[in-house]
Amino acid sequence: MLEKMGATIAPTHRIVVWDGGLSVARMASLPEYKAQRPEMPEDLRQQLDEIVAYLDAAGIASYCSPGIEADDYIACLARQASEAGMNVVIASSDKDFMQLVSARVGLLNPNDKSEAVWTDEQVRAKAGVEPSQIVDWLSLMGDHVDNIRGVPGVGTKTATDLLKQFGSTENLYRHLDDVKSERLRGALRESEAVVRRNRDLVRLHEVECVFLADDLKPRPADPARLRELFARWGFRKMLAAVELSAEKQAVLI
């Protein structure tokens, strides 16, 4: 997947960010946060050290810190890199990242065969709102993937319509009497505390990160180490590619 995305994007810098556990702040706000998710399959757990070994051999930076969710660290890196004048592509299918999309930050879904990098145009087509409204959009309808309940009866379309009319949840609650549906108005009123809590859960948190562009530049790969790993794993095609690359380099020398 990394090789395929690399061929599509041709990035000058790369980093793989790992989850270091659930956010303490989110757990304090919602103890059942992500509680419904099954444990990591043992077959996958056994492969994590091998994946890290591959990244190291391939010269790709990776990062993990206890108690830091990958999403939050990625948000910090994306902000600092874009402020430094770099264009950023976040490779993820997580819809929370739509809140980060900007003129310099795009999204690439590794599972999307079109290999399109999402901009604000694709976010609007998907959600019907601007990237800056994604936090409020998710706060209204909730996110069952993260075990975050929203306003009863509010789904994608209703959340979109409300934000198109009021712009934000703050303005919505300032003008709640302008909501025409009595049923919806009542549900929103009863769920105000939930919506406000959801905004803190959904919004990607500010965490400490040190962005050093040089640290994210791919290092020269270690062909010998890659050959060892691919041979052990039975990755015949990737092993052949490494050996072919080594032969070409030998000829050029």
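Provided above is the structure to which this section pertains.
The sections below set out a description of the structure shown in this document. Counting restarts for each chain: residues are numbered from 1 in the order of the written sequence. This being a predicted model, a pLDDT of at least 70 is required before a residue's local features are given, and a value of 80 or more before pairs of side-chain atoms are given or counted; all residues contribute to the totals for chains, interfaces and linings. Note that the side-chain values use all heavy atoms of the structure and ignore hydrogens as well as water.

Notes on the pattern of salt bridges
Oppositely charged side chains can pair when the atoms bearing their charge come close. Stated precisely, the cut-off is as follows: Here, a salt bridge means any Lys or Arg side-chain nitrogen found within 4 Å of an Asp or Glu carboxyl oxygen. Helix numbers and strand numbers start at the N terminus; a helix is a DSSP run of H or I with at least 4 residues, a strand a run of E with at least 2. Only protein chains enter the calculation, and the probe is 1.4 Å; a residue is then buried if its accessible area is under 20% of its type maximum, exposed if over 50%, and partly exposed in between.
On inspection of all chains with the given rule, the structure shows 23 salt bridges. The salt bridge involving Lys-34 is made with Glu-69; its shortest N-O contact spans 3.1 Å. With Lys-34 in the loop between α2 (24-29) and α3 (42-45) and Glu-69 in the loop between β2 (61-63) and α5 (70-83), the pair connects residues that are 35 residues apart, well separated along the chain. We classify Lys-34 as buried; its relative accessible area is 12%. For Glu-69, a relative accessible area of 3% puts it in the buried group. With a shortest N-O distance of 3.5 Å, Arg-189 and Asp-177 are connected by a salt bridge. With Arg-189 in helix α10 (residues 182-190) and Asp-177 in the loop between α9 (169-174) and α10, this residue pair connects regions lying twelve residues apart in the sequence. Its relative accessible area of 45% is what places Arg-189 among the partly exposed residues. Each member of the salt-bridge network shares a partner with another, and the members are Asp-136, Glu-170, Glu-192, Arg-196 and Arg-199.

Concerning unusual backbone geometry
In this model, Lys-34 sits at a positive phi of 60°, which is unusual for a non-glycine residue. A positive phi is found at Asn-147, a non-glycine position, where the angle reads about 65°. On the secondary structure map, Asn-147 appears in the loop between β6 (142-143) and β7 (148-149). The exposure class assigned to Asn-147 is partly exposed, which follows from its relative accessible area of 29%.

Some thoughts on the environment of Gln-80
The condition that has to hold: In this analysis, two residues are considered to be in contact whenever any of their non-hydrogen atoms come within 4.5 Å of each other.
Along the polypeptide, Gln-80 turns up in helix α5. Placed 150 residues apart in sequence, Gln-80 and Phe-230 show a C-alpha to C-alpha distance of 35 Å. Beyond its immediate sequence surroundings of up to four residues, Gln-80 is in contact with Cys-209, Val-210 and Phe-211.

Some details on the sheet that holds strand β5 (residues 117-118)
Our working rule: Each pair of strands is called paired provided DSSP finds at least two bridges between the two strands. Between N-to-C directions, angles cover 0 to 180 degrees, with each direction set by a line fitted to C-alpha atoms, over the stretch in contact for helices.
Strands sit in the order β3-β4-β5 across an open sheet of three strands; the sheet is mixed. The sheet terminates laterally at β3 (88-91) and β5, the two strands that pair on one side only. By the bridge criterion, four bridges tie β3 to strand β4 (residues 105-108) in an arrangement that is parallel. Bridge pairing in β4 places Ala-91 opposite Leu-108. Along the sheet, α5 makes contact with β3 and β4, crossing β3 at roughly 165°.

As for the state of the cysteines
Selection rule: Cysteine sulfurs are considered disulfide-paired once they come within 2.5 Å of each other.
Throughout the structure, instances matching the rule amount to one disulfide. The cysteine Cys-64 is free of any disulfide, with Cys-209 supplying the nearest cysteine sulfur at 15 Å. Exposure remark for Cys-64: the relative accessible area of 46% places this residue in the partly exposed category.

Details of the environment of Arg-225
As a reminder, the rule being used: The definition of a polar contact used here is a pair of N or O atoms within 3.5 Å, where within protein one atom must be able to donate a hydrogen and the other to accept one, and adjacent residues in sequence count solely through side-chain atom pairs.
Tracing the chain through its elements places Arg-225 in helix α12 (residues 223-233). Taking the C-alpha atoms as reference points, Arg-225 and Ala-58, separated by 167 residues in sequence, lie 8.7 Å from one another. The residues touching Arg-225, leaving out its near neighbours within four places in the chain, are Ala-53, Ala-57 and Arg-232. Only 2.8 Å separates the side chain of Arg-225 from the side chain of Glu-228, close enough to count as a polar contact.

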